[in-house]
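# Examining the three-dimensional arrangement
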Amino acid sequence: MASSQSEDREIDITTSIEPGSDITWVRTGSEQELDLPSSPSSSGYAGEGGGSTSATTGSLIEIEHEEEIEQEQMRIQNQIDEISISDSNSSWIPGKRHQDEDDGSISWRKRKKHFFILSNSGKPIYSRYGDEHKLAGFSATLQAIVSFVENGGDSVKLVRAGKHQVVFLVKGPIYLVCISSTEEPYESLRGQLELIYGQMLVILTKSINKCFERNSKFDMTPLLGGTDTVFSSLIHSFSWNPATFLHAYTCLPLSYATRQAAGAVLQDTADSGVLFATLMCRHKVISLVGAQKASLHPDDMLLLANFVMSSESFRTSESFSPVCLPRYNPSAFLYAYIHYFDDDTYLMLLTTNSDAFYHLKDCRLRIEMVLLKSNVLSEVQRSLLDGGMHVEDLPPIPQSGTSHLGQHTLPSDSPERFKEVNHVIGGPAGLWHFIYRSIYLDQYVSSEFSSSISTRQQQKRLCRAYQKLFTSMHDKGIGPHKTQFRRDENYVLLCWVTQDFELYAAFDPLADKALAIKTCNRVCQWIKDVENEIFLLGASPFSW
Amino acid sequence: MGCGSSFPDRDSGQLGRPNSENGGGQDAKNLRVKLVLLGDSGVGKSCIVLRFVRGQFDPTSKVTVGASFLSQTIALQDSTTVKFEIWDTAGQERYAALAPLYYRGAAVAVIVYDITSPESFSKAQYWVKELQKHGSPDIVMALVGNKADLHEKREVAVQDGMDYSEKNGMFFIETSAKTADNINELFEDMVNYATSRLPYDVLAV
């Protein structure tokens, strides 16, 4: 970032940074103060408490300095709020919440992470919280910041204000903004904005730009009607789905033969003129094939799966819908035939031919017959019950067994198993969790969460810690790292990057370093032993 | 409540249309009807279909994406069986341009509005015009005022629906997917109406 400061400067509101706050993740390009005309009525972030509104910076975005204790109380309260809303993944409620809020509401201002989409004329398009139409003034303010900097021949990427980061992403006539106090690195937040933009393209394609060429005041909100759940579920996935920052996809663990059987019947379909055929279980891939030379980017997979899973109507009956894969071709629609075999397992057949519905319906009938005959669907349900890799099952000595992912323990429904998990917290050497990403395959595997990371709040925190680790390992400014070992009050985090894979592991904060490294070697060996079950091998259509 | 239906007088003369993929009449007692539902979002198209096909009503609104395909076979009183192949299209504005994809092969178009929403009634008129302009000249159209159970919130008079449909040679009925009122009637009457207007072989399996 420092190298590009001439074109893209990063504005740092220095007065607001508290000493000791963690700002090492993003190095600032210049220490310039942004001196914009103050307009407290529409800023939304004007101090609420009275007296805390210091006018010294003159900045548009102003964060009050709350007392440490007050902040801590608020943080705890927020956590309690979140936990009481949903303490497990399944109870998360999709769709927009807090629709009644706007930038005048205190609750709205206190939300930790906002996402906005707006047009370059300042018209709101999407807001994570609150009613877009009521946020017109706030959108106009964001637009003013972007155009103010643009008028100076620059582009604004990041505004830092105390605990808040305001991240901007400009995509032609569309502006995307994230305002966050979550301390996630700039690169992560920017990556999230990229995905939100991609999700918008999945629904509308890039041809939306033409509407703005014809009419700069074009109101885009009606075109996104009914898609709140698609965006809210994507934003939710930023806090639990590693695919959102790894740019890789993950497979449902299955025996090699089962996955082969699914792949073979999909391949027949692809040979009959289907561009991509994918069989999925929730967000995990069972098998997928692409027509010759067609390649599917993991980000497109993520966005497509999110689109399908967050749209309830696909579960009701078979559907045929236009979709755009932004990495494949951002300008054109493909047509997706979507069918759920059961609550979790669904088939997506993508074609360029808008008349292909009846052909794809026939393909699905054939696929369904084969899947039933070869027990693929029942194996999928069994795998869902068994779960993925459990750190408790890490084999002591490398070995390859015939059991499900080398599990030596009793079946998951046995009470014996729970007893064991309860008294052994996590795996050997205090291993709590790991993610292994195969660079060659564009796939990753993530272990199940052990009992030490059982609440959603803990899982979200770990996901963010991995994100931070991922960012620091890929920071071009610091140069490529091979390994990283860091210890804080929550974990020991270990990262190991080679040409072939990246391993991210979380241990007990008191874990021994040498032992942790040894354990990571064992994890890699374990993955090699079961790679036939956890990855989709061969004929990877992923290349770009 | 006024859940009536009306058949406008139209001579069902030479409305023959080139026999497409529906050909091959083995048993003239078996009909196949390709039907498409069009209309503004939230008027209850999916609810009508799900009430007809599965006998269910789900008050939580699930926005349709693209179009859903469902089929249902019913037996009429004269023991004719009719297989409906139904395209339940998304009412969202972004899908309007893609509607031809779904109504192109349809013999019957059911255009739905919400009797509590005048906007949805004008949207229905937009769809009628669209079909008159771009649809098959033989397509049989029905105008359906849904949510008839919400009569205390009614903003579109029965007479308005009736007048408009008559003027445009459409079948008209008011329904409630919630109470199931007139749902089966809609589909059954549509068959009678369509067979009276279309040469029988167009619909025969």
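Conventions adopted
- Residues numbered from 1 in each chain as written.
- Chains lettered and ligands numbered in written order.
- Predicted model: local features only at pLDDT ≥ 70, side-chain atom pairs only at ≥ 80, totals over all residues.
- Heavy atoms only, no water.
- UniProt positions renumbered as here; feature names shortened; annotations may be inferred.
- Helix = DSSP H or I, 4+ residues; strand = E, 2+ residues; numbered from the N terminus.
- Phe/Tyr/Trp six-rings, centres within 6.5 Å; stacked < 30°, edge-to-face > 60°.
- Buried < 20%, exposed > 50% of the residue type's maximum accessible area, 1.4 Å probe, protein only.
- Lys NZ or Arg CZ within 6 Å of the ring centre and 35° of its normal.
- Contact = heavy atoms within 4.5 Å.
- Buried area = accessible area lost by both parts, 1.4 Å probe.
- Salt bridge = Lys/Arg side-chain N within 4 Å of Asp/Glu carboxyl O.
- Pairing = 2+ DSSP bridges.
- Axes fitted to C-alpha atoms, helices over the stretch in contact; angles between N-to-C directions.
- Left-handed = near helix turned anticlockwise from the far one by under 90°.
- Nonpolar A, V, L, I, M, F, W, Y, C, P; charged D, E, K, R; others polar.
- Expected span 1.5 Å × (residues − 1).
- Right-handed = clockwise from strand over helix to strand, strands pointing away.
- Bend = angle between axes of the 7 residues up to and from the residue.

### Topic: the UniProt feature "domain: FUZ/MON1/HPS1 second Longin" (unreviewed entry) in chain A
Mapped onto this numbering, the UniProt entry gives "domain: FUZ/MON1/HPS1 second Longin" (unreviewed entry) at residues 273–365 of chain A. As annotated, residues 273–365 of chain A has a helix share of 28% and a strand share of 35%, and its two end C-alpha atoms lie 16 Å apart.

### As for the packing of aromatic side chains
Between two aromatic rings, the relevant description is the distance of the centres plus the angle of the planes. Under the defined criterion, the tally for this structure stands at 33 aromatic pairs over all chains. Between A:F212 and A:F218, the ring centres sit 5.4 Å apart and the planes meet at 90 degrees, which makes this aromatic pair edge-to-face. Here the aromatic rings of B:F52 and B:F84 are separated by 5.3 Å at their centres, their planes lie at 85 degrees, and the arrangement is edge-to-face. Taken as a pair, B:F52 in helix α1 (residues 45–54) and B:F84 in strand β4 (residues 81–89) lie far apart in primary sequence, 32 residues in all. What makes B:F84 buried here is its relative accessible area of 0%. Members of the aromatic cluster, joined through ring pairs, are A:F320, A:Y335, A:Y337, A:F357, A:Y358, B:F69, B:W87 and B:Y102. Here A:K513 stacks its cationic end above the ring of A:F485, 5.0 Å away from the centre of that ring.

### As for the interface of chain A and chain B
Opposite the 26 residues of chain A that make contact, chain B presents 22 residues. Together, the buried faces of chain A and chain B total about 1900 Å²; carbon and sulfur atoms form 58% of this surface. Summed over the three residues of chain A that lose the most area to chain B, namely A:S313, A:T316 and A:Y358, the buried surface amounts to 24% of that side. Counting across the chain A and chain B interface gives 1 salt bridge. One salt bridge in this structure joins B:R104 and A:D355, with 2.5 Å as the shortest N-O distance.

### Quick look at the sheet that holds strand β15 (residues 492–497) of chain A
All names here are of chain A. Ordered by their spatial adjacency, 5 strands build an open sheet running β13-β12-β16-β15-β14, and the pairing between neighbours is antiparallel. Two strands in the sheet have a free side with no partner beyond their single neighbour: β13 (443–446) and β14 (483–487). Neighbour to neighbour, the strand axes of the sheet diverge by 10 degrees on average, direction disregarded. Here β14 runs beside β15; their pairing, made up of 5 bridges, is antiparallel. Pairing of F485 across the sheet is with L494, part of β15. Its contacts with the sheet put helix α15 (residues 456–473) on β12 (431–438), β14, β15 and β16 (501–507), and the angle it makes with β15 is roughly 40 degrees.

### A closer look at the packing of helix α5 (residues 186–204) of chain A against helix α10 (residues 298–310) of chain A
All names here are of chain A. Put simply, α5 and α10 touch, their axes get as near as 10 Å, and they point 65 degrees apart. For the crossing formed where α5 meets α10, the hand is right-handed. Between α5, through L195, G198, Q199, V202 and I203, and α10, the contact on the second element is made entirely by D299, L302, L303, N306 and F307. Of the residues in the contact of α5 with α10, the class split is 6 nonpolar, 3 polar and 1 charged.

### A closer look at α15(A)
If you check α15(A), its first and last C-alpha atoms are 25 Å apart, about what 18 residues at 1.5 Å a residue would give, namely 26 Å. Among the 18 residues that make up α15(A), 16 are buried, leaving the element largely enclosed by the rest of the structure.

### With respect to the pairing of strand β7 (residues 171–174) of chain B
Residues and elements named next belong to chain B. A two-sided burial pattern is seen for β7, the buried positions comprising F171 and I173 on one face and F172 and E174 on the other. Direction of pairing for strand β6 (residues 140–146) relative to β7: parallel, over a ladder of 4 bridges. Residue A142 lies in a different strand from β7, and its bridge partner there is F171. Handedness of the β6-helix α4 (residues 158–167)-β7 crossover: right-handed.

### Topic: helix α16 (residues 513–534) of chain A
Residue and element names in this part refer to chain A. At K528, α16 shows its maximal bend, which comes to roughly 45 degrees. Every buried residue of α16 is listed here: A516, T519, C520, V523, C524, W526, I527, V530, E533 and I534. Summarising the contacts, the buried residues of α16 are in contact with α9 (256–271), β12, β13, β14, β15 and β16.

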